[in-house]
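If you want the building blocks of each chain, they are given just below.
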Amino acid sequence: MYAKRLTAALILAFSAASAGSITPRDGWAVHETSKPYVQLIDDVKAAAKAEGLGVVTQAGPTQAAAARGITIPGNRVIGLFNNDFAVKILALSTAAMIEAPVRMYVTEEADGSATLSYKLPTHVFAPYAEEGGAGLAALAGQLDRRFALIAERAQK
């Protein structure tokens, strides 16, 4: 039994260590920073507030893994939104609200720095374009701008 657990833990640790950094991909923004992981999380939260978005959710496996004796790089998903966007989006597409809150992702790099990445809100809401029309596209564009400003502020 112990050998199975040790093997599973080693596989998990190797997988996490070898997964690598977030790389640019279609519909994503990826910002490498020199900031430490915890500092970048704090700065994302402060920048979101400054741009009128609230932290609605936070999740990450790092602390839970540590409690199990497994060390993995820092990893935090931060969901951002506000009620104004929620009400306006609901008026255009009830289904689109499944995507709220829109998330930012902070990941710790091997050198101690952190990367901020997120799916562009226009990408996130694209599947609802037919239903939500130009109004939803405009709201997603506004969220794109806010997310870019949050990323810019958080990196400073």
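The coordinates are above.
Rules of the game
Residues numbered from 1 in each chain as written. Predicted model: local features only at pLDDT ≥ 70, side-chain atom pairs only at ≥ 80, totals over all residues. Heavy atoms only, no water. Buried < 20%, exposed > 50% of the residue type's maximum accessible area, 1.4 Å probe, protein only. Helix = DSSP H or I, 4+ residues; strand = E, 2+ residues; numbered from the N terminus. Pairing = 2+ DSSP bridges. Salt bridge = Lys/Arg side-chain N within 4 Å of Asp/Glu carboxyl O. Axes fitted to C-alpha atoms, helices over the stretch in contact; angles between N-to-C directions. Contact = heavy atoms within 4.5 Å. Parallel < 35°, antiparallel > 145°, perpendicular 65-115°, else oblique. Left-handed = near helix turned anticlockwise from the far one by under 90°. Nonpolar A, V, L, I, M, F, W, Y, C, P; charged D, E, K, R; others polar. Polar contact = N/O pair within 3.5 Å; in protein donor to acceptor, adjacent residues only side chain to side chain.

Student: It is not clear to me how the pairing of strand 5 (residues 113–119) should be interpreted in this structure. Could you clarify?
Tutor: If a strand is regular, its side chains alternate between the two faces of the sheet. Strand 5 sits mainly inside the fold: 6 of its 7 residues count as buried. Across 6 bridges, strand 1 (residues 28–36) lies against strand 5 in antiparallel orientation. Paired with A29 across the two strands is Y118, which belongs to strand 5. Across 5 bridges, strand 4 (residues 102–108) lies against strand 5 in antiparallel orientation. Opposite T107, over in strand 5, you have T115 as the bridge partner. Linking strand 4 to strand 5, which pair antiparallel, is a turn of 4 residues; within it G112 sits at a positive phi near 95 degrees.

Student: Is there a simple way to think about the pattern of salt bridges in this case?
Tutor: A side chain of one charge can pair with a side chain of the opposite charge if their charged atoms are brought near each other. Tallied over the entire structure, the rule returns 3 salt bridges. Note that K35 is salt-bridged to D43, the shortest N-O span being 2.3 Å. K35 sits in the buried class, given a relative accessible area of 10%. For D43, a relative accessible area of 17% gives the class buried. Linking R153 and E51 is a salt bridge whose minimum nitrogen-to-oxygen distance equals 2.6 Å. Here the residue R153 occupies a position in helix 6 (residues 129–155), and E51 occupies one in the loop between helix 2 (37–50) and strand 2 (54–59), the gap between them amounting to 102 residues. The exposure class assigned to R153 is partly exposed, which follows from its relative accessible area of 43%.

Student: What is the right way to read the sheet that holds strand 4 from this model?
Tutor: Think of a sheet as strands paired side by side through backbone hydrogen bonds, with each pair either parallel or antiparallel. Taken together, the 5 strands give an open sheet; going across it, the order is 1-5-4-3-2, and neighbouring strands pair in antiparallel fashion. Of all the strands in the sheet, just strand 1 and strand 2 have a single pairing partner and so form its edges. Direction aside, the axes of adjacent strands within the sheet are offset by 25 degrees on average. Each of strand 1, strand 2, strand 3 (75–81), strand 4 and strand 5 touches helix 2; the most contacted strand, strand 1, lies at about 125 degrees to it.

Student: What am I meant to see in the environment of P121 here?
Tutor: Turning to its location among the elements, P121 is positioned in helix 5 (residues 121–125). Accessibility expressed as a relative area gives 0% for P121, which makes it buried. When residues no more than four places from it in sequence are discounted, the contact partners of P121 are V102, A140, L143, D144 and F147.

Student: Just to check I follow, could you spell out the packing of helix 2 against helix 6 for this structure?
Tutor: Between two packed helices, the angle of one axis relative to the other and the distance separating the axes together describe the packing. Between helix 2 and helix 6, whose axes approach to 8 Å, the crossing angle comes to 135 degrees. The angle between the axes of helix 2 and helix 6 places the two elements in the oblique class. For the crossing formed where helix 2 meets helix 6, the hand is right-handed. Judged by residue contacts, L40, D43, V44, A47, A48 and A50 of helix 2 engage I150, R153 and A154 from helix 6. Tallied by class, the residues present in the contact of helix 2 with helix 6 amount to 7 nonpolar, no polar and 2 charged.

Student: Would you mind going over the side chain of S93 with me for this structure?
Tutor: Locating S93 in the fold gives a position in the loop between helix 4 (83–92) and strand 4. In this structure the side chain of S93 is engaged in a polar contact, spanning 3.1 Å, whose partner is the backbone nitrogen of A96. The contact partners of S93, leaving out residues within four places of it in the chain, are Y128, E131 and G132.

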